[in-house]
Amino acid sequence: MSPPCHTSALLLVFVALAVAGAEQSEERSCDVVGDESSESQMERALLKKLEPLSHMRFNVTVEKGKTENYIYHFRVCREVNSTSHDFGGLVQTDRQTGKTTVIGRINETQVFNGSDWIMLIYKGGDSYGRHCSGEKRRAVIMISCKRGVTASSFSIISEEREKEQECFYLFEMDSSVACPAENSHLSVGSILLITFVSLIAVYIIGGFLYQRLVVGAKGMEQIPHFAFWQDLGNLVADGCDFVCRSKPRNAPAAYRGVGDDQLGEESEERDDHLLPM
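This structure is a prediction, so every number in the text was calculated from the model and none was measured.

The rules we used
- Residues numbered from 1 in each chain as written.
- Predicted model: local features only at pLDDT ≥ 70, side-chain atom pairs only at ≥ 80, totals over all residues.
- Heavy atoms only, no water.
- Helix = DSSP H or I, 4+ residues; strand = E, 2+ residues; numbered from the N terminus.
- Buried < 20%, exposed > 50% of the residue type's maximum accessible area, 1.4 Å probe, protein only.
- Contact = heavy atoms within 4.5 Å.
- Areas by Shrake-Rupley, 256 points an atom, 1.4 Å probe, with all protein chains shown as cover.
- Pairing = 2+ DSSP bridges.
- Axes fitted to C-alpha atoms, helices over the stretch in contact; angles between N-to-C directions.
- Disulfide = S-S within 2.5 Å.
- Salt bridge = Lys/Arg side-chain N within 4 Å of Asp/Glu carboxyl O.
- pLDDT = per-residue confidence, 0-100.
- 1 Å grid on protein atoms, 1.4 Å probe; cavity = no way out; pocket = protein on both sides within 12 Å on 5 of 7 lines; lining within 4 Å.
- Points joined across faces, edges and corners; volume = space filled by probe spheres on them.
- Core = buried A, V, L, I, M, F, W, Y, C linked by side-chain atoms within 4.5 Å.
- UniProt positions renumbered as here; feature names shortened; annotations may be inferred.
- Expected span 1.5 Å × (residues − 1).
- Bend = angle between axes of the 7 residues up to and from the residue.
- Phe/Tyr/Trp six-rings, centres within 6.5 Å; stacked < 30°, edge-to-face > 60°.
- Lys NZ or Arg CZ within 6 Å of the ring centre and 35° of its normal.

Helix and strand counts for the protein stand at 5 helices and 8 strands. Element order for the protein, N to C, with α for helix and β for strand: α-α-β-β-β-β-β-β-β-β-α-α-α. Counting only residues that meet the buried cut, the protein has 25% of its 277 residues in that class. Taking the intrachain contacts of the protein between residues at least 6 apart in sequence as the baseline, contacts between residues at least 24 apart amount to 49%. Of the roughly 19,400 Å² of accessible surface on the protein, 57% is carried by carbon and sulfur atoms.

In structure tokens form, the structure reads like this:
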């Protein structure tokens, strides 16, 4: 083989290996039960909302006497063991024998929510033996709202396997991804007040800079529209006088108070009879 052909063959091998490695490194994600076209916008939005948890792993140990000693491994919309290619999103491991059992698979996912919780269901797990008529296992994970916490308190609540059908494993955990969006606490009045104060600040600062830098004003003259604000008190007083008065300004007052001049005149008249004749 000539050198150019040998180089081309090596390049093709490297490209094939790179593509294969990329396909293996890309982890599978949740696939909602049913055709892809039947997935609702709500289900897609919830799966996207759960994405921050997809890179985390959760484990819980359950020990019941000497017969049951298990570890449950859980991942959100990812395989617990990507090398096994079994789609296992929640897997049970027997600590005594090392046997693993898939409780639920991510390729058979259901998801729905309420005001402050998200319910994630993995179906299509390994079949029961003597319980539940041999149906396939199912994992139900209740994710409750807890603000400020990415994920915590993963635990198993119960295993319902004494029924003939619809058996399930119930788990719970806390996460902020299940919380509703926080609404703004500002009322319309607060927003208007903030806007008004901001406009006043812009008016004062902008006017001050204009008067100082452009007009060249000094002292109190730097205040924008200083003459108007200086006369504002008089204008308000005139307006109040105009609105509140019920008689013309030149009309005499209805009540005349007793002044010092009147008291003085009366005292002089009272003392006239005391003068010598």
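The subject of this paragraph is the sheet that holds strand S8 (residues 168-175). Read across the sheet, 8 strands follow the order S1-S2-S3-S4-S5-S6-S8-S7 without closing on themselves; strand pairing throughout is mixed. The outermost strands of the open sheet, each flanked by one partner alone, are strand S1 (57-64) and strand S7 (152-160). Going across the sheet, the axis of each strand differs from the next one's by a mean of 25 degrees, ignoring polarity. Where strand S3 (residues 88-94) and strand S4 (residues 100-113) come together, 5 bridges link them in antiparallel fashion. When the sheet's bridge partners are listed, glycine 88 is paired in S4 with arginine 105. Running at roughly 120 degrees to S4, helix H2 (residues 41-49) makes contact with S4 and strand S5 (117-124) of the sheet.

On to the state of the cysteines, then. For the structure shown, the criterion picks out 3 disulfides. The disulfide that involves cysteine 30 links it to cysteine 77, with 2.1 Å between the sulfurs. One quick way to see it: the torsion about the S-S bond of cysteine 30 and cysteine 77 is about -100 degrees, and its sign makes the bridge left-handed. Placement of the pair is cysteine 30 in the loop between helix H1 (3-25) and H2 and cysteine 77 in the loop between strand S2 (68-75) and S3, with a sequence separation of 47 residues.

So, on to the pattern of salt bridges. Scanning the model with the defined rule gives 7 salt bridges in all. Measuring nitrogen to oxygen at the nearest pair gives 3.2 Å for the salt bridge that ties glutamate 68 to arginine 161. One end of the pair, glutamate 68, is in strand S2; the other, arginine 161, is in the loop between S7 and S8, with 93 residues separating them in the sequence. Take arginine 161: its relative accessible area is 25%, and that puts it in the partly exposed class. Connected through salt bridges with shared partners, the residues Glu68, Glu159 and Arg161 form a single ionic network.

Within the protein, residue pLDDT values average 82, and 78% of them lie at 70 or more. Predicted confidence for residues 17-24 stays below pLDDT 50, and this span has 0 contacts to residues more than four positions away or in other chains.

Here we come to the layout of surface pockets. Within this model, the largest pocket holds a volume of roughly 350 Å³. Taken together, 16 residues make up the lining of the largest pocket; nearest its centre are Tyr70, Gln92, Lys99, Arg137 and Arg161. For the lining of the largest pocket, the elements supplying multiple residues, two or more each, are S2 and S3.

Relative to the elements of secondary structure, lysine 146 occurs in the loop between strand S6 (139-145) and S7. Judged by its relative accessible area of 39%, lysine 146 falls in the partly exposed class. For lysine 146 and tryptophan 117, which are 29 residues apart along the polypeptide, the C-alpha to C-alpha distance reads 9.5 Å.

Turning next to the nonpolar core. A general trend in soluble globular proteins is that nonpolar side chains are found buried together. Counting 34 residues, the largest nonpolar core has Leu50, Tyr72, Phe74, Leu90, Tyr122 and Ile141 as its most contacted members. Elements supplying a minimum of two residues to this core: H2, S1, S2, S4, S5, S6 and S8.

Now for the UniProt feature "transmembrane region" (unreviewed entry) in the protein. The feature "transmembrane region" (unreviewed entry), as given by UniProt, occupies residues 186-210 in the numbering adopted here. The span residues 186-210 is 92% helix and 0% strand, and its two end C-alpha atoms sit 34 Å from each other.

Here the focus is helix H4 (residues 226-244). Between the first and last C-alpha of H4 there are 28 Å, a value that for 19 residues agrees with the 27 Å anticipated at 1.5 Å per step. A maximum bend of about 45 degrees is found in H4 at leucine 232.

One pass over the full model with this rule turns up 11 aromatic pairs. An aromatic cluster of three or more residues is present, and its members are Phe58, Tyr70, Tyr72, Phe74, Tyr122, Tyr128, Phe154, Tyr169 and Phe171. Residue placement shows arginine 28 over the ring face of phenylalanine 87; its charged tip is 4.2 Å from the ring centre. For arginine 137, the ring lying beneath its charged end belongs to tyrosine 128, and the centroid distance is 4.6 Å.

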